[in-house]
Amino acid sequence: MKTRDIPEQATFTAYTNAAGGWGSVRALGSILMQEHVVASGTRALMKQNKPEGFACVSCSWAKPADPHAFEFCENGAKATAWEITDKRATPEFFAQHTVTELESWSDFELESAGRLTAPMRYDDESDKYLPVSWEQAFNDIGSELRAADPDKVVFYTSGRASLETSYMYGLMARMYGTNNLPDSSNMCHESTSVALPKTIGVAVGTVGLDDFAATDCLLFFGHNTGTNAPRMLHSLEEVRKRGVPVITFNPLRERGLVSFVNPQSPLEMLTPARTAISTQYVQIKIGGDTAAVMGMAKWLIENDDAALAARQPRLLDAGFIADHTAGFEEFADAARQADWDEIERQSGVSRAQLEQAAQTYANARACMLMYGMGVTQHREAVRTIHMLTNLLLLRGNIGKPGAGICPIRGHSNVQGQRTVGITEKPELVPKGKLQQQYGFTVPEKKGLNTVEACEEIINKNISAFFMLGGNFVRAIPDHDRMEPAWRKIPLTVQVMTRLNRSSVIHGKRSYLLPCLGRIEIDQQSGGTQAVSVEDSTGRMHGSHGVVKPASAQLLSEVAIVAEVAKRILIPNPKVNWNAWTADYARVRNAIAETYPDIFHDFNERMWTPGGFARPLAARERKWNTPNGKANFITPDSFDEDPDMPDEPGTLRLMTTRGDSQFNTTVYGLDDRFRGVHGTRRVLLMNAADMERLALQDGAFVTAQTVCHDDIARRVANLRVQTYDIPAGCIMGYFPELNPLIPLSHHAKGSKVPAAKSIPVRLIPHRL
Ligand SMILES: Nc1nc2c(c(=O)[nH]1)N[C@H]1C(S)=C(S)[C@@H](COP(=O)(O)OP(=O)(O)OC[C@H]3O[C@@H](n4cnc5c(=O)[nH]c(N)nc54)[C@H](O)[C@@H]3O)O[C@H]1N2
Ligand SMILES: Nc1nc2c(c(=O)[nH]1)N[C@H]1C(S)=C(S)[C@@H](COP(=O)(O)OP(=O)(O)OC[C@H]3O[C@@H](n4cnc5c(=O)[nH]c(N)nc54)[C@H](O)[C@@H]3O)O[C@H]1N2
Ligand SMILES: [Mo]
């Protein structure tokens with residue numbers, strides 16, 4: 001396995017095979033070997049996403065009630081191998097390397113050191129992490145946090161922590177006195193959490209796995225399914241076998257959405273029949289979604305007007321619109337007035353293509369719409385999501401079988417964390433319930449989200465930053481500004497499994513607290529413990545570990561949160577942190593008491609095959625919006641990025657994941673489905689842009705952000721490559737290109753960094 005990224009040695013091949021197939025099987029074998037876990041890995045994989053096993057730590061896609069023998073995908077298997085690896089970052093490892101030396105390592109090399117085995121504390125004098133006892137670490141962290149102003153302490157979470165841990169963590173922060181609870185969702189689907197309550201009155205998707213069997217049409221916006229939620233390809237394959245049309249809107253022809261060979265279907269593997277996934281592929285410009293959907297809506301509304309006049313069958317669901325919605329007339333007028341030239345220019349797609357898509361949509365009795373980061377990580381993300389729901393509402397596609405909206409969530413429990421109280425917004429917290437249950441008053445002051453936490457770090461207003469998982473420093477924008485500021489934080493604490501950038505770029509005092517992963521057996525005084533998670537379709541699943549922990553010294557996340565809570569909070573007889581650690585069923589009882597509608601009889605229901613569903617009002621056509629209706633919201637413009645400087649030569653850069661990574665965890669340098677091998681320092685470009693800039697394949701450039709402030713944001717040594725991508729758009733990889741995203745460049749309303757629309761200029765390197 002190549003660990004050094006040397007772009008000169010990279011190769012590019014057009015990948016013409018389907019996603020899945022033998023390529024997946026080969027890739028799986030090599031990762032099990034790389035992590036030295038061929039036997040244990042294979043055994044663990046048989047229990048992945050099974051009712052009696054563990055919930056995969058990779059994506060959050062739904063887990064069926066009747067799983068396949070192999071209910072995992074290549075990337076889920078990679079995530080498992082990565083967690084149960086036999087490589088170890090022991091105290092001896094840390095004794096051999098100064099932190100300054102570790103800083104020069106790549107992300108891949110840092111994580112390749114393996115699982116942390118003991119709690120560590122940074123020692124200034126030797127510039128090394130030295131072992132520290134748990135007791136000492138908790139006492140030190142506790143006394144520092146007790147002395148701090150709670151407003152200046154941040155409790156970050158990455159979306160992997162279980163419902164039990166997340167509930168305890170949120171409660172701890174609030175009892176301590178702050179709502180400073182940013183999480184990875186602030187960089188991910190927060191645009192959804194802000195947009196959907198206004199239109200359909202829920203903050204999450206309305207689609208369930210059963211809807212795939214009833215649908216007549218699927219629309220896909222801005223998601224790379226073959227890489228980031230591959231198990232969904234099984235559902236898509238089934239839908240396609242029924243002849244259901246799938247229309248994809250994406251600047252790139254992502255392989256998983258073009259065609260798929262099921263690597264678990266022996267017949268397909270022998271006779272590599274592939275299932276064509278998308279029936280129409282709309283290669284939209286980056287940021288062109290509002291305009292494209294407006295084009296579809298315009299066609300539907302104008303043809304409906306004509307049908308009405310001619311007394312022919314309607315194209316719109318007029319009954320649904322009249323009974324259930326508000327704002328239709330204003331929206332319909334805007335659609336009628338929308339100008340096709342403007343729609344074509346902003347979307348980068350022809351009128352004919354959009355009319356074709358609209359016609360397919362109009363023919364379907366029930367339609368589902370799925371979307372990912374290509375929608376949420378834009379300046380106008382919230383508006384685009386409103387536009388997506390407008391399209392669904394036109395034909396009553398919310399709250400009937402086979403229809404609905406499906407934001408495809410990222411981390412395996414990111415949606416669940418929100419459900420049990422991880423949020424910086426106090427208005428989303430059941431204050432009365434918590435008061436009644438624990439006798440304390442939830443702080444009123446709004447907490448910091450991710451972008452705001454970064455701003456306060458730059459302003460030197462943060463005294464301590466606690467990370468429950470994740471790799472904050474690497475996942476956020478504006479690395480070159482954030483890293484020096486991060487080092488000035490008095491205390492950083494990381495609950496983690498593997499070494500990453502946030503541990504080598506650390507606060508003045510820094511602790512690494514190694515925890516059990518979800519795949520490991522969690523033994524407490526009350527017996528072996530299970531945890532639970534919520535998937536993208538709002539179903540809760542139990543999960544118990546199946547492999548021996550990486551080290552006898554690891555503590556569970558629940559235990560770590562409880563130990564910190566005991567040290568920073570005034571004792572409260574209503575919360576017995578020790579009892580919660582001993583038996584997580586008691587935490588679940590507490591969750592059920594706080595959120596009875598969702599979690600009643602939690603312990604009994606958590607092992608329901610396929611999970612148990614949370615009530616979703618919109619699914620029943622009950623609208624929890626201020627006016628009690630589902631709302632059409634008319635966009636004020638189509639321009640996705642009003643701040644995009646109108647300078648000639650400015651290109652729009654999207655930063656996405658490749659096939660060999662889980663967010664900031666980079667397993668390898670290849671992005672197989674996109675045909676990129678051996679480097680991540682690459683920009684994929686349209687041939688016309690290459691020609692205009694007089695660039696040849698393999699040339700090297702520096703990318704520089706075009707921004708209104710005077711801060712220079714650059715990434716050098718990027719290799720350019722011609723690619724099938726619309727003119728004016730370029731693609732590169734997250735997190736390598738994060739220095740280019742200005743912190744201020746985030747979605748209006750949700751503050752999700754606009755990682756998919758960075759205005760850049762390219763400066764060729766001189767030969
Ligand atoms: N194996 C693996 N699985 C993962 C992850 C991982 O890193 N690895 N990460 C997890 C997490 S946290 C998340 S959030 C999800 C992310 O999964 P995705 O939502 O797929 O995220 P990205 O990889 O950023 O890919 C964004 C997609 O949107 C397209 N796109 C970009 N801009 C636009 C646009 O303006 N309009 C449209 N229509 N499309 C656009 C891109 O071409 C790309 O296909 O995956 C989760 N699952
Ligand atoms: N440019 C750009 N930036 C982006 C994005 C993008 O598309 N483009 N995507 C954004 C999105 S969608 C997201 S979700 C964020 C991701 O941001 P984060 O969630 O903060 O980052 P991850 O890379 O998922 O975190 C990986 C680390 O989690 C730790 N870890 C793994 N398993 C466990 C566990 O079981 N317990 C604990 N305690 N720790 C564990 C390991 O130490 C590992 O190094 O990045 C965002 N940043
Ligand atoms: Mo995410």
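Conventions and cut-offs
- Residues numbered from 1 in each chain as written.
- Chains lettered and ligands numbered in written order.
- Predicted model: local features only at pLDDT ≥ 70, side-chain atom pairs only at ≥ 80, totals over all residues.
- Heavy atoms only, no water.
- Helix = DSSP H or I, 4+ residues; strand = E, 2+ residues; numbered from the N terminus.
- Rg over C-alpha atoms; globule rule 2.2 N^0.38 Å.
- Buried < 20%, exposed > 50% of the residue type's maximum accessible area, 1.4 Å probe, protein only.
- Contact = heavy atoms within 4.5 Å.
- Lys, Arg positive; Asp, Glu negative; His and termini not counted.
- Charge placed at Lys NZ, Arg CZ, Asp CG, Glu CD.
- Near = heavy atom within 4 Å.
- Polar contact = N/O pair within 3.5 Å; in protein donor to acceptor, adjacent residues only side chain to side chain.
- Areas by Shrake-Rupley, 256 points an atom, 1.4 Å probe, with all protein chains shown as cover.
- Nonpolar A, V, L, I, M, F, W, Y, C, P; charged D, E, K, R; others polar.
- Domains from an automatic or database assignment.
- Axes fitted to C-alpha atoms, helices over the stretch in contact; angles between N-to-C directions.
- Parallel < 35°, antiparallel > 145°, perpendicular 65-115°, else oblique.
- Pairing = 2+ DSSP bridges.
- Buried area = accessible area lost by both parts, 1.4 Å probe.
- Salt bridge = Lys/Arg side-chain N within 4 Å of Asp/Glu carboxyl O.
- Phe/Tyr/Trp six-rings, centres within 6.5 Å; stacked < 30°, edge-to-face > 60°.
- Lys NZ or Arg CZ within 6 Å of the ring centre and 35° of its normal.

## A short note on the overall build of the protein
Helix and strand counts for the protein stand at 33 helices and 32 strands. Taken over the C-alpha trace, the protein has a radius of gyration of 25 Å; the compact-globule value for 767 residues is 27 Å, and the two agree within 12%. With respect to the three principal axes, the spread of C-alpha positions in the protein is 80 × 65 × 55 Å. Looking at the protein as a whole, 66% of its 767 residues qualify as buried. Across the protein, every contact between residues at least 6 apart in sequence was considered, and the portion connecting residues at least 24 apart equals 79%. Considering the protein, the positive charge centre built from 82 side chains and the negative charge centre built from 87 side chains are found 2 Å apart.

## Some words on the site of ligand 2
Close to ligand 2 lie 32 residues, the nearest being Glu111, Tyr156, Glu557, Thr664 and Asn738. In this structure, an oxygen atom belonging to ligand 2 sits 3.1 Å away from a side-chain N or O atom of Asn663. Burial of ligand 2 by the protein amounts to 96% of the accessible area it has alone, namely 930 Å². A per-class count over the shell around ligand 2 returns twelve nonpolar, 14 polar and six charged. Counting contributing residues per domain, the shell around ligand 2 is built from domain 1 (109–185 + 415–517 + 554–600) and domain 3 (651–764), each supplying no fewer than three.

## Quick notes on the packing of helix α18 (residues 340–347) against helix α19 (residues 351–363)
Packed helices, taken two at a time, are described by their axes: the angle between them and the distance between them. In contact at an axis separation of 10 Å, α18 and α19 are set at 95 degrees when each is read in the N-to-C sense. One finds that α18 runs roughly perpendicular with respect to α19. Taken together, the residues of α19 that come into contact with α18 (itself represented by Trp340, Ile343, Glu344 and Ser347) are Arg351, Leu354 and Glu355. A class-by-class count of the residues in the contact of α18 with α19 yields three nonpolar, one polar and three charged.

## So, the sheet that holds strand β18 (residues 509–514)
A sheet is described by the order of its strands in space; here six strands give the open sequence β6-β5-β18-β17-β16-β7, paired in mixed fashion. Each having just a single partner strand, β6 (128–131) and β7 (153–157) make up the two edges of the open sheet. With direction set aside, neighbouring strand axes in the sheet form an average angle of 20 degrees. Those strands touched by helix α8 (residues 163–176) are β7 and β16 (464–468), and its axis lies near 170 degrees from that of β7.

## Topic: the site of ligand 1
Taken together, 30 residues are adjacent to ligand 1, and Asn224, Asn250, Glu254, Gly287 and Asn663 come closest. A distance of 3.4 Å separates an oxygen atom of ligand 1 from a polar backbone atom of Gly374. Protein contacts shield 99% of the accessible area of ligand 1, which totals 920 Å² for the unbound molecule. Only α11 (225–228), α20 (373–376), β24 (651–656) and β25 (661–662) provide two or more residues apiece to the shell around ligand 1. Here the residues of the shell around ligand 1 are counted per class, giving ten nonpolar, 16 polar and four charged. Counting contributing residues, the shell around ligand 1 receives three or more from each of domain 2 (190–408) and domain 3 (651–764).

## Description of the domain arrangement of the protein
You can read the domains of the protein as domain 1 (109–185 + 415–517 + 554–600), domain 2 (190–408) and domain 3 (651–764). Measuring from the centre of the C-alpha atoms in domain 1 to the corresponding centre in domain 3 gives 32 Å. Buried surface at the junction of domain 1 and domain 3, both sides included, amounts to about 1,500 Å², of which 57% is carbon and sulfur. Looking only at domain 1, the three residues that lose the most surface to domain 3 are Val451, Pro477 and Asp478, adding up to 34% of its buried area. The interface formed by domain 1 and domain 3 contains two salt bridges. The residue Glu452 makes a salt bridge to Lys751 at a minimum N-O spacing of 3.1 Å. Counting the contacts that link domain 1 with domain 3 gives nine residue pairs in polar contact (both at pLDDT 80 or more). In terms of residue count, helix α24 (residues 450–458) provides more of the side of domain 1 that touches domain 3 than any other element does, five residues in total. Here the side of domain 1 that touches domain 3 is composed, by residue class, of seven nonpolar, four polar and eight charged.

## A few points about the pairing of β24
Successive residues of a regular strand alternate their side chains across the two faces of the sheet. Where burial is concerned, most of β24 is hidden: six out of the six residues are buried. On β24, burial covers both faces: Leu651, Leu653 and Thr655 on one face and Arg652, Met654 and Thr656 on the other are all buried. As judged from the three bridges shared by β24 and strand β32 (residues 758–764), these two strands associate in the antiparallel manner. Bridge pairing links Arg652 to Pro759 in β32.

## A closer look at the pairing of strand β17 (residues 491–496)
When you tally the buried positions in β17, you get six out of six residues, the bulk of the element. Neither face of β17 is open: one carries Leu491, Val493 and Val495, the other Thr492, Gln494 and Met496, and all of them are buried. Relative to β17, β16 is paired through five bridges, and the arrangement is parallel. Bridge pairing links Phe465 to Thr492 in β17. Relative to β18, β17 runs parallel, the two sharing six bridges. Across the sheet, the residue bridging to Gln494 is Leu512, located in β18.

## Topic: the pattern of salt bridges
Enumeration over the complete set of coordinates arrives at 41 salt bridges. One salt bridge in this structure joins Arg498 and Glu111, with 4.0 Å as the shortest N-O distance. Here Arg498, found in the loop between β17 and α27 (501–504), pairs with Glu111, found in helix α6 (residues 107–112); they are 387 residues apart in sequence, far enough to count as distant. Accessibility assignment for this pair places Arg498 and Glu111 in one class, buried. Residues joined by salt bridges that share partners form a network here, namely Glu135, Glu563, Lys566 and Arg567.

## Brief notes about the packing of helix α15 (residues 289–309) against helix α17 (residues 328–337)
The contact between α15 and α17 brings their axes to 8 Å, and the two run at 100 degrees. By the angle between their axes, α15 is roughly perpendicular relative to α17. Contacts from Met294, Ala297, Lys298, Ile301, Glu302 and Asp305 in α15 reach Phe331, Ala332, Ala334, Ala335, Arg336 and Gln337 in α17. Grouping the amino acids of the contact of α15 with α17 by side-chain chemistry returns seven nonpolar, one polar and four charged.

## Focus on the sheet that holds strand β28 (residues 682–685)
Pairing is mixed around the closed barrel formed by six strands, whose spatial order is β24-β31-β28-β30-β29-β32. Neighbouring strand axes in the sheet, compared pairwise and without regard to direction, differ in orientation by 45 degrees on average.

## So, the environment of Pro91
Mapped onto the elements, Pro91 comes out in helix α4 (residues 91–96). For Pro91, the residues in contact, after removing those within four places along its chain, are Thr117, Ala118, Met120 and Pro131.

## Digging into the packing of aromatic side chains
Scanning the entire structure with this criterion turns up 28 aromatic pairs. With 5.7 Å between their ring centres and 70 degrees between their planes, Tyr122 and Tyr129 make a pair best called edge-to-face. Judged by relative accessible area, which is 14%, Tyr122 ranks as buried. Exposure remark for Tyr129: the relative accessible area of 1% places this residue in the buried category. Linked through ring pairs, Phe93, Phe94, Trp105, Tyr122 and Tyr129 together constitute an aromatic cluster. Lying over the aromatic face of Tyr361, Arg395 brings its terminal NZ or CZ to 6.0 Å of the ring centre. Taking NZ or CZ as reference, Arg605 lies 4.0 Å from the ring centre of Phe612, over its face.

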